[in-house]
Amino acid sequence: NFRHQYPPKGFIKWSAPAKPGQKYMYDPFEDEYLWYNPETKKTGCYIQKKMCNGSWVNVHGGLIATIADSNMFVAATDFLPGPCVSVQLNITYVSGAQMNQWIEAEGRVTKNTKSLVFVTGRVFVPDTTEIIATYTGIIKKIKANGHPSSSNL
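Residues numbered from 1 in each chain as written. Predicted model: local features only at pLDDT ≥ 70, side-chain atom pairs only at ≥ 80, totals over all residues. Heavy atoms only, no water.

J.: Describe unusual backbone geometry, listing the residues and the values that go with them.
T.: Positive phi is not limited to glycine here, since Lys41 has a value of about 60°. Mapping Lys41 onto the fold places it in the loop between strand S2 (34-37) and strand S3 (42-46). (Helix = DSSP H or I, 4+ residues; strand = E, 2+ residues; numbered from the N terminus.)

J.: Requested: an account of the confidence of the model for the protein chain, with residues and values cited.
T.: For the protein chain, per-residue confidence averages 80 on the pLDDT scale, and 75% of positions sit at 70 or higher. Of all secondary-structure elements in the protein chain, the lowest mean pLDDT belongs to helix H1 (residues 28-33), at 59, while strand S6 (residues 116-125) reaches the highest, 97. Predicted confidence is poor over residues 149-153, with pLDDT under 50, and the contacts of this stretch with residues over four places away or in other chains come to ten contacts. (pLDDT = per-residue confidence, 0-100. Contact = heavy atoms within 4.5 Å.)

J.: With reference to specific residues and values, describe the environment of Gly121.
T.: Relative to the elements of secondary structure, Gly121 occurs in strand S6. Given a relative accessible area of 15%, Gly121 falls into the buried group. (Buried < 20%, exposed > 50% of the residue type's maximum accessible area, 1.4 Å probe, protein only.)

J.: Give a description of the packing of aromatic side chains that names residues and reports values.
T.: As enumerated under the stated definition, the model contains two aromatic pairs in all. Between the aromatic rings of Phe11 and Trp102, the centroid separation amounts to 5.2 Å while the plane-to-plane angle is 85°, which identifies the pairing as edge-to-face. With Phe11 in the segment before strand S1 (12-13) and Trp102 in strand S5 (residues 102-112), this residue pair connects regions lying 91 residues apart in the sequence. Note on Phe11: relative accessible area 9%, which makes it buried. Clustering of aromatic rings is evident, with ring pairs tying together Phe11, Tyr46 and Trp102. Just above the ring of Phe124 sits the side chain of Arg122; from NZ or CZ to the centre is 3.9 Å. (Phe/Tyr/Trp six-rings, centres within 6.5 Å; stacked < 30°, edge-to-face > 60°. Lys NZ or Arg CZ within 6 Å of the ring centre and 35° of its normal.)

J.: Please provide a residue-by-residue account of helix H2 (residues 61-75), values included.
T.: With 15 residues, H2 extends 21 Å between its outermost C-alpha atoms, agreeing within 8% with the 21 Å of an ideal straight helix rising 1.5 Å per residue. Those residues of H2 that fall on the buried side of the exposure criterion are Leu63, Ile64, Ala65, Ile67, Ala68, Ser70, Asn71, Met72, Val74 and Ala75. (Expected span 1.5 Å × (residues − 1).)

J.: Run through the nonpolar core, naming residues and quoting values.
T.: In terms of nonpolar packing, the biggest core is built from 25 residues, with Ile103, Val119 and Val123 touching the most fellow members. Going through the elements one at a time, H2, S5, S6 and strand S7 (130-141) are the ones with two or more residues in this core. With six residues, H2 is the largest single contributor of residues to this core. Beyond its immediate chain neighbours, meaning those up to four positions away, Val119 contacts Met72, Ala75, Ala76, Arg108, Val109, Thr110, Tyr135, Thr136, Gly137 and Ile139. (Core = buried A, V, L, I, M, F, W, Y, C linked by side-chain atoms within 4.5 Å.)

J.: An account of the sheet that holds S6 is requested, with residue identities and associated values reported.
T.: Sheets are built from strands paired through backbone hydrogen bonds, the pairs being either parallel or antiparallel. The strand order across the open sheet formed by seven strands is S1-S2-S3-S5-S6-S7-S4, and the pairing between neighbours is antiparallel. Strands with a single pairing partner mark the edges of an open sheet, and in this sheet they are S1 and strand S4 (84-93). This element, H2, spans S2, S3, S4, S5, S6 and S7 of the sheet and lies at about 130° to S4. (Pairing = 2+ DSSP bridges. Axes fitted to C-alpha atoms, helices over the stretch in contact; angles between N-to-C directions.)

J.: For the pairing of S5, give the residues involved together with the corresponding values.
T.: Looking at chain direction, S3 and S5 are connected through five bridges and run antiparallel. In the strand pairing of S5, Gly44 is matched with Glu104. Across eight bridges, S5 lies against S6 in antiparallel orientation. Bridge pairing in S6 links Lys111 to Phe118. Count of turn residues in the S5/S6 antiparallel hairpin: three residues.

Given below as structure tokens:
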């Protein structure tokens, strides 16, 4: 039962603040299934049966995309002064993860502009270092009034 397993040292629940006073928006999926490490900027997840394709063997590609997308924001935390959204996510699937595995994603910022943050990373199985997918993505910074930054992409 996954509720009785704990993630590797340093990982905390998605909705837990990394710093005192820091707040995160609640997301039912991320809060239930995703963990992150504020020091290493990794995102992690235990693969459960309901996250797998119909064969219940390999994890669904949509979950890999979700982990990569979430990791973009963890990797870019220091460059995000406020609200932001994903505007692009490119994924190359390399192999599969299976039920009952712990998988992680890690990324790094390759470029930071006034309105955009560019991130590249990978999703992998830490026990074997097998790469499941690689990703690149772009995050759009949002102005305080809730409207996207008016600067050009």
